[in-house]
Structure formats: structure tokens, C-alpha cells
Amino acid sequence: MLHDHRSRCAGRLLGLLLGALTTAPAGAQTLTMGAGSPISSLDPHYHQLRSNAEVSQMIFDTLLGTDARAQLVPGLAESWRAVGEDVWEFTLREGVRFHDGRPFTTDDVAFTIERIPTVTGPGASYSTHVRPVRRVEVVDARTIRLHTAGPFPLLPVYFSQVFMLGRAIHTDAQTGDFNSGRVAIGTGPYRLVSHVPGDRVVLARHDGWWGTRPHWSNVTYRMITNDSARLAALMAGDVDFIDQVPTSDLARLRGDARFHVASATSLRTMYVTLDSTRAAPVPQVAGPGGTPLNANPLADIRVRRALSLAIDRRLLVERVMDGAALATMQFMPPGAYSHIPGRPVPAADPEAARALLAQAGYPQGFQMTLGGSNDRYMNDSRVVQAIGQMWTRIGVRTTVEAQPYATFIGRATRREFPAALLTWGNSTGEASVVLNSVLRTVDRERGHGAANRVLYSNPEMDRLVAEAEREMDAGRREELLRQAQRAALDDIALVPLYLQSSLWAMRSGLMYEARADERSDPVAIRPAR
């Protein structure tokens, strides 16, 4: 009897322990994320910025989504098809509702397309994504047709980036109304609870969401821009999950059983812009003794080629990025649509660089300033310092100015730096958007060159991009995009450096499939099985 009693007690205790272990994940349904980049607004149309889109995807939805490899998947639209060379038809999911209970219909899609061109932000605009639409045809509450001026094969890709709003909710809503939370109402998996600018966004699960029910009932998205502070928060258990893992700590984290690291080659190319179109005198460019120059040295392709040859990309990857990058001379990684096969990454050649400078008429080099951020991208300050040293070694004495991103990007947009470390994340999974936004000749009415800060212009590249935009055959379009990239890259319109790795670290009880577009998605963060 005593044995039976002890067995029953032991059984009850084991049952309680197993019950506690089973219910712990369900009870601990608050996820705290530590993000390395701040957001500039909760208005999903204000600024085409990865961190903004990362938060927007929690509150709002897009017609189509993308998977971890940047391939299109259904979103608010359950299906899409071309019904003519210049017409795309989208069929919406049935029964989708906004957080306030209003139904989402095709009229809301039409309203979103109308609103975007009216929103002015500090950087790249979403206008580029909706500008190809010439006419909106609302067939019924669930079917909408978007008419373009001729064939436009990338329209579905563009609309995987455009967050949908509601006419009844958001007519006359200003950006400040979103930031205050008054109209931060979408169809997404989470609804806004509170927003402290520059600090955190707190969200609660929207149980009426059309997608797979998220595991987390509450999400706190903390903006911790200091790398050491973000890592310390994870180590201390103050956050469960961080992005932009400091590369110098990767080995330590991977060797610690308390944590798990997820990584993938991203679609983000880091590059240096060279202001080759500016007439002399160029601000922050001078002769070797500081004397004014009567010509812009960057206008000479031999100088641009010399600056590119001076950069040791493999050293940047191995020493500065601690291996968390892939050296490149183009915009897309191997295996991605529109990647250029057979385009090697050249070894650094300082002697050839000095010879090119001499041929261009600068045997003693010149002086120049290189600008960059120091709080935005992985090791950004270290990267600009390293490049500055490499350029100085070939005779281009380089002053480095690494500043907070908020200050730097404004100065770069005003062309205050002859050279700047910038980047573009090709979240659409192919090269057309970077070509259209960063390198195409500026045309505000058509939405071309929205992020072309040095006013670069290459008619041959423009022609190829325009032709690719109209080509419905995927193979032919890919070849046109490759040709367009070659036209700009052979002209050294800018200097590609490396494709940054997407990196996340989390407590060991979590799992996350690394995304090529670098986004952190709480819906995809799950307890490890």
C-alpha cells in the first residue's frame, strides 16, 4: 500500500511537471523583439524603409506577400493573373476585415492607389510602385483590375510591397494620425496598442486575421540601435529575439547553448556612390595640397575605376564583417533572378589604381571626403573607415565622416558628400527596383530615380530598364535586366562592395527561418519543436 501511495504521489508530481512544461509556451505568449533600426513613421506610405515596412507588416497587409526567398505568395489577394498585356486582375480573399470590423474590399485597394502619391516623406516613395497603374477597374467587391500603359510584368511584385488602407477609415488621414495611433488600423495580424517614437511599438494579436493564427498574443518591438545594448538585452533575457547581430559576437553566440543564430545571404547590396555628374568645384574635393580643382576628378571613369580597384572587398568581408557578407560586383546574389553569371569580384590592385590616377592627370592624387552612417547598418562606421584607409593608400587622401543615419542621409540627399556609403535592399527579389530607383535618370513625374542622389544618367541603361519593364517573357526580361546592370556597372555609376548577411539571434527555445529581405516577422517566430 505504501508503495502504491508513493507511486500515485510520484505520478501526480510527474503529471504536474509535464503539465507545466506543456503549458509554459502557451502561457508565455509575449514576444519581445530588439530591432537595430528605428522607424520613421507608422504611416505605411510615408517612407520606403525596411524597418518601417517591418512594423507596417504587423498592422497592415499587402495584396501579395513574399516568402523567405523573396518569392511571391498570396496575401490579401488569393489569386492574380494577367488578363491582357496591360491588365492585371486580383481576386481578394473573402471575409477579410479591418481591426475595427469594417470589411476590406476592392474599393479600399483603389483608395490606397489614390492616396500614395499624396504622401510626402524623407526618402524613397511608394509612388514608384503604383505609378504604372493608369486606371483602376473595380469589377466587384472581390475582383479588381489594374490597367497599365502597355505591358508591365512586375506589377504583382510591386504590389507585394504596398500596404493596403481603407477608404472609410483613412480618407484625409495624415501621417501624424498614424503616429498617434488614431488611424493605425489595418487588416494585419496585430493591432496597435501603443507607440513611443524611437523607443517601442506594442501590439496585440488580431484574432480576426485571415492568416494562420500567430503564436504570440502580444508583441513588443523595441528599437535598440546600439549593437552592444541590443546584444546585452538578449543575454540578460530582456528581449527574446534580435536582428542585426554584431558580427564580432557571432562565434560566441553560436557556441552558447542558450541561444540560436539564424542567417542567410540577404538581397541588400552595400555600395559607395561617386558624384561624377557635379561640375567643379565639388564640395569636399581638393587637390593634394588642398588647392581647388578646376575639374571634378570623379567625372573621369579612370578615377572611378581606380577607387574601385583600391578596395579590398575580401578583406572587408573577412576582417570588417567577420565573414557575415558576400563580396560582390553586382546587385543580386548567385541563384537570384537577374543575377549576372560570370561577373567576378576583382582582387584589390593598388598599383593599377595608382597608375589609373596618373593617367587621369592625378599622379599625386587628391583629397576627398567619404560619408556614411554609424548606427544604421552592420559595421557601417568600420566599413567607411576601412575604405578611407584603402583610398588614402593610393594617394586619394580621404577624410571619413561617419554620423547618425538621420543626419547622414539628409546630407547625402543634399549631395554634401562626393562619396558616400549607401545601400539598397532588393526586397522584390530581382534587380529592377534598384535600377529604377537608384540609377535611372531622374524623372519625378514618372517616379524614376527616386533615390538617385547623385543625378546619374545613362541613356542606354534607361532604355534597357524601360524595355525590361514591358517584357512579359521572364527569360527575356531577365536578360534585359542583366544588360541594364552591366551598362551601369561597367560605367562605375557606383561601386558595389558586398551583399550583407541577414542575421538574427534568439533564445534557444525559438526558431526562425532567415529571410533574404532581412525582415523580422513575429508571425514566423515560433517555439522550437
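Placed above this text is the structure.
Because the structure is a prediction, the values reported are computed rather than measured.

Caption draft 1: Representation of unusual backbone geometry in the model. Along the chain, Ala280 connects to Pro281 via a cis peptide bond; the corresponding omega equals 0°. Within the secondary structure, Pro281 sits in the loop between β12 (259-274) and β13 (285-286). Of note in the backbone geometry, Ser338 takes a positive phi value of approximately 80° without being a glycine. Position of Ser338 among the secondary structure elements: in the loop between β14 (325-327) and α12 (350-359). Looking at Ser338, the relative accessible area reads 0%, which means it is buried. Look at Arg415: it is not a glycine, yet its phi comes out positive at around 60°.

Caption draft 2: Structural view of the environment of Leu155. Along the chain, Leu155 turns up in helix α5 (residues 155-158). Assessed through its relative accessible area of 0%, Leu155 is described here as buried. Along the backbone, Leu155 and Arg486 are 331 residues apart, and their C-alpha atoms lie at a distance of 24 Å. For Leu155, the residues in contact, after removing those within four places along its chain, are Trp88, His129, Pro132, Val133, Leu146 and Thr148.

Caption draft 3: Highlighting helix α10 (residues 301-310). Judged by how many residues are buried, α10 sits mostly within the fold: seven of 10 residues are covered. Of the residues flanking the start of α10, the one acting as N-cap is Asp300, its side-chain oxygen 2.8 Å from the backbone nitrogen of Arg302.

Caption draft 4: Spatial organisation of the packing of α10 against α12. α12 packs onto α10 with a crossing angle of 165° between their chain directions and a minimal axis gap of 8 Å. With respect to their mutual orientation, α10 and α12 come out roughly antiparallel. Between α10 and α12 the crossing geometry is left-handed. Residues Arg302, Val303, Arg305, Ala306, Leu309 and Ala310 of α10 touch α12, and the partners they reach there are Ala352, Ala353, Leu356, Leu357 and Gln359. Taken together, the residues of the contact of α10 with α12 sort by class into eight nonpolar, one polar and two charged.

Caption draft 5: Focus on the pairing of strand β16 (residues 396-403). For strand β15 (residues 366-373) and β16, the ladder comprises eight bridges, and the chain directions are parallel. Counted as the bridge partner of Met368 is Thr398 from β16. Note on the crossover from β15 through helix α13 (residues 380-393) to β16: the handedness is right-handed.

Caption draft 6: Spotlight on the nonpolar core. Leu63, Phe159, Val272, Trp391, Leu435, Leu439 and Leu497 are the most contacted members of the largest nonpolar core, which totals 160 residues. Sequence-distant contacts of Leu497, defined by excluding residues within four places in its chain, comprise Met270, Tyr271, Val272, Ile311, Arg313, Leu316, Ala327, Thr328, Val383, Ile387 and Leu421.

Caption draft 7: Geometry of the packing of helix α16 (residues 459-470) against helix α17 (residues 474-490). For the pair α16 and α17, the least separation of the axes is 8 Å and the interaxial angle reads 160°. The angle between α16 and α17 places the two elements in the roughly antiparallel class. Judged by the sense of rotation from one axis to the other, the crossing of α16 with α17 is left-handed. Mapping the contact onto sequence places Met461, Leu464, Val465, Glu467 and Ala468 in α16 and Arg476, Arg477, Leu480, Leu481, Gln483, Ala484, Ala487 and Ala488 in α17. In the contact of α16 with α17, the residues fall into nine nonpolar, one polar and three charged.

Caption draft 8: Quick peek at the packing of aromatic side chains. One pass over the full model with this rule turns up 10 aromatic pairs. Seen in terms of ring centroids, Phe241 and Tyr512 are 5.3 Å apart; in terms of plane orientation they differ by 85°. Their pairing is edge-to-face. Residue Phe241 is found in strand β11 (residues 241-243), and its partner Tyr512 is found in the loop between β19 (510-511) and β20 (526-527); the two are separated by 271 residues along the sequence. Across this residue pair, the class does not change: Phe241 and Tyr512 are buried. Arranged with centres 6.2 Å apart and planes meeting at 85°, the rings of Tyr377 and Tyr405 form a pair that is edge-to-face. Here the residue Tyr377 occupies a position in the loop between β15 and α13, and Tyr405 occupies one in helix α14 (residues 405-413), the gap between them amounting to 28 residues. Summarising the burial analysis for this pair, Tyr377 and Tyr405 share the class buried. By way of ring pairs, the aromatic residues Phe241, Trp504 and Tyr512 are connected into one cluster. Sitting above the plane of the Tyr405 ring, Arg376 keeps its charged end 4.7 Å from the centroid.

Caption draft 9: Expanded view of α16. The terminal C-alpha atoms of α16, which comprises 12 residues, lie 17 Å apart, in line with the 16 Å expected from a rise of 1.5 Å per residue. Here α16 starts with a cap whose side-chain oxygen sits 3.1 Å from the backbone nitrogen of Glu460, and that cap is Asn458.

Caption draft 10: A look at the sheet that holds strand β5 (residues 87-92). Here four strands make up an open sheet; going across it, the order is β4-β5-β7-β6 and the pairing antiparallel. Each of the sheet's edge strands pairs with one partner strand only, and the pair in question is β4 (77-84) and β6 (133-138). The mean angle between the axes of side-by-side strands here comes to 20°, regardless of whether they run parallel or antiparallel. Bridging between β5 and strand β7 (residues 143-148) involves five bridges; their strand directions are antiparallel.

Caption draft 11: Representation of the pattern of salt bridges. A full pass over the atoms with the stated rule returns 38 salt bridges. Glu89 is paired through a salt bridge with Arg145; the nearest N and O atoms lie 2.7 Å apart. Of this pair, Glu89 sits in strand β5 while Arg145 sits in strand β7, and the two are 56 residues apart along the sequence. Where Asp243 meets Arg230, a salt bridge forms, and the shortest distance between an N and an O atom there is 4.0 Å. Highlighted residues: Asp243 in strand β11 and Arg230 in helix α8 (residues 227-236), separated in sequence by 13 residues. Across this residue pair, the class does not change: Asp243 and Arg230 are buried. Residues participating in the shared-partner salt-bridge network are Glu401, Arg411, Arg414 and Glu416.

Reading guide: rules and limits
- Residues numbered from 1 in each chain as written.
- Predicted model: local features only at pLDDT ≥ 70, side-chain atom pairs only at ≥ 80, totals over all residues.
- Heavy atoms only, no water.
- Helix = DSSP H or I, 4+ residues; strand = E, 2+ residues; numbered from the N terminus.
- Buried < 20%, exposed > 50% of the residue type's maximum accessible area, 1.4 Å probe, protein only.
- Contact = heavy atoms within 4.5 Å.
- Polar contact = N/O pair within 3.5 Å; in protein donor to acceptor, adjacent residues only side chain to side chain.
- Axes fitted to C-alpha atoms, helices over the stretch in contact; angles between N-to-C directions.
- Parallel < 35°, antiparallel > 145°, perpendicular 65-115°, else oblique.
- Left-handed = near helix turned anticlockwise from the far one by under 90°.
- Nonpolar A, V, L, I, M, F, W, Y, C, P; charged D, E, K, R; others polar.
- Pairing = 2+ DSSP bridges.
- Right-handed = clockwise from strand over helix to strand, strands pointing away.
- Core = buried A, V, L, I, M, F, W, Y, C linked by side-chain atoms within 4.5 Å.
- Phe/Tyr/Trp six-rings, centres within 6.5 Å; stacked < 30°, edge-to-face > 60°.
- Lys NZ or Arg CZ within 6 Å of the ring centre and 35° of its normal.
- Expected span 1.5 Å × (residues − 1).
- Salt bridge = Lys/Arg side-chain N within 4 Å of Asp/Glu carboxyl O.

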